[in-house]
Structure formats: C-alpha cells, structure tokens
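# Working through the structure, step by step
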Amino acid sequence: MADMKLAVMGAGGRMGQALVRAVQEIDGCVIAGGSEREGSALIGKDVAEVAGLEPCGVLITDDVLQMFSQVEGVLDFTVPVATTGFAKFAAQARIPHIIGTTGFASEEDEKLLAASRHCPMVKAGNMSLGVNLLTALTQKIANTLDMSFDIEIVEMHHKHKVDAPSGTALMLGEAAAKGRGIDLEETAVRSRDGMVGPRKVGDIGFATLRGGSVVGDHSVIFAGEGERIVLTHKAEDRQIFARGAVKAALWAKGKPPGLYSMMDVLGL
C-alpha cells in the first residue's frame, strides 16, 4: 500500500516542524505539502529542511487550495480562524483533517462540526497517549467519587501560549463533568480574584500558569476532607503530540465523515 500523503499547516512554526519530523519518522506516510501564511519568508523553502531534516523536495506554499487537492490528509495545529477555513477545504477534498488547534469559540466549533459531515475529522485538545489515558481516568474517578470531593484542574505552559485554559485542561474538565453527569459550562470556575466567597459544591476549578519553555503540565486534583487524589501528566517533548497526530491521520484514512476524538483513535 502506498504511503499516505500528508500536509502540515503552519509548517514553519514550532509545532509545524515537529509534525514534519513525525511524518518523516513514522512508517506509512510521507510529507507531501506544507503551508505558511501569505508573505512568510518561508514560502518556497524545503519543508523538511526548515524542520532540521534532509531536504525532501516539497516546498512550503501559501496556495492552500492547490495543496489540498494533492494530498490525502492534513495536520493542523494553527489558530482557530485559520483552522475553520482549512476545514472547508478538507470537506471539499473529502480528506482527513487532524486538528490540534485549541481556543475555539462556540461558533467556530459549529463550523468544524458542519465540515466534519463531509470528511473524517479528528479534533483533540491533546493528542498524546498519556493525556488521553489521564482523561479516561479523570472521568472514571469523577464518576466514582461523590460531591464531597472538589475538582481542581491546574495547567502550565510556555510563555508564548495565547489561549487559556489550555485545550487539554478543558478536555479534562469535560471528562470530569461527564463523569459527574453535569454541564461544564454551568460549573466551571476559570478565575478567582478578591473576595469571591467560599467554593460552591460541584464547581470544577481551573488554574492557569504560564512561563519559560514548559511544553505542558496538567494535574487533576480531587480534594476531599483529609485526603487528596492527584493525577498528573508532564509533557517533556512536543513530539509526543506530533506522533499522536500522525497516528490519528493514518487511522482516519478511509473512515466515513464524522467528528472523531483521540479516544476513538486509541480505542479508549
């Protein structure tokens, strides 16, 4: 079987370069496209060379529509406004769209859902195996413990991250809420400042830390009277996310249109 031809959106960024390296190291796929925004100094550069690899002959382009017609799947860790646009092209081309972008507004999520009716789309706040296992455990423990245990989610990322809480933290929050059979939007507390009063029973709290070059740390705390359960995942290399995304693309090839998650990819 021929290797799956994949394109990387935002190929010149830190995550884009990690994705290119992952495609080149994993069997069953090959880098066949890379994009950057119009006017980027990287337009016309070899996509593999930009990622620190030997040149592969595939040049970075800003002609996204043309690129989508020549590949079999796209890996997208860009920004919400760009991702929603790329989703339309993936839907038209009927090819897998693997989305690691975070920070979507509700109306943007609706656009992605509409696009997923025409192509297989894997969307996840985090694509590492460890974090998805953490998510499954969070839901299980939330379902097991009663409301006497308070749930707090703490995350830390590098100083350049622009959205908060992280997509992974929100994914963990959704898992905790699902485990308890409640609505996260109605129970989430994303900030505390000043005389906010005592904690409400059933709240799911979020704390956001930013600094340095931290790839991604996440902890889910179940705090009861006299005891705490703390689940923690620390990402030390963003290649874990890139490899997960490539595995998701290989899994999605030939799948029917629909919105999938890494839980589907990993069989969790």
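Just so it is clear, the model here is predicted, and its values are computed rather than measured.

The rules we used
Residues numbered from 1 in each chain as written. Predicted model: local features only at pLDDT ≥ 70, side-chain atom pairs only at ≥ 80, totals over all residues. Heavy atoms only, no water. Helix = DSSP H or I, 4+ residues; strand = E, 2+ residues; numbered from the N terminus. Polar contact = N/O pair within 3.5 Å; in protein donor to acceptor, adjacent residues only side chain to side chain. Patch = residues over 30% accessible without salt bridge, like charges linked within 9 Å, V, L, I, M, F, W, Y side chains within 5 Å. Areas by Shrake-Rupley, 256 points an atom, 1.4 Å probe, with all protein chains shown as cover. Salt bridge = Lys/Arg side-chain N within 4 Å of Asp/Glu carboxyl O. Buried < 20%, exposed > 50% of the residue type's maximum accessible area, 1.4 Å probe, protein only. Pairing = 2+ DSSP bridges.

### Observations regarding the side chain of T168
- Along the chain, T168 turns up in helix α7 (residues 167–180).
- Reaching out from T168, the side chain makes a polar contact with the backbone oxygen of G125 at a distance of 3.1 Å.

### What about a nonpolar patch on the surface?
- Among the surface-exposed residues, L129, L133, L266 and L268 lie close enough to one another that they form a single nonpolar patch of about 340 Å² accessible area.
- Here L133 shows up in helix α6 (residues 129–144).
- Take L133: its relative accessible area is 38%, and that puts it in the partly exposed class.

### Brief notes about the pairing of strand β9 (residues 204–210)
- One ladder, built from seven bridges, connects strand β7 (residues 150–157) with β9; its direction is parallel. Among the inter-strand pairings, H157 is bridged to a residue of β9, identified as R210.
- In this structure, strand β8 (residues 188–189) lies alongside β9, joined through two bridges in parallel fashion. When the bridges of β9 are listed, A188 appears paired with I204.

### What about unusual backbone geometry?
- Looking along the chain, the bond that leaves A164 and enters P165 is cis, with omega of -10 degrees.
- Its location among the elements puts P165 in the loop between β7 and α7.
- Of note in the backbone geometry, R94 takes a positive phi value of approximately 60 degrees without being a glycine.
- Looking at the element boundaries, R94 is found in the loop between α4 (80–93) and β5 (97–99).
- The exposure class of R94 is exposed, given its relative accessible area of 53%.

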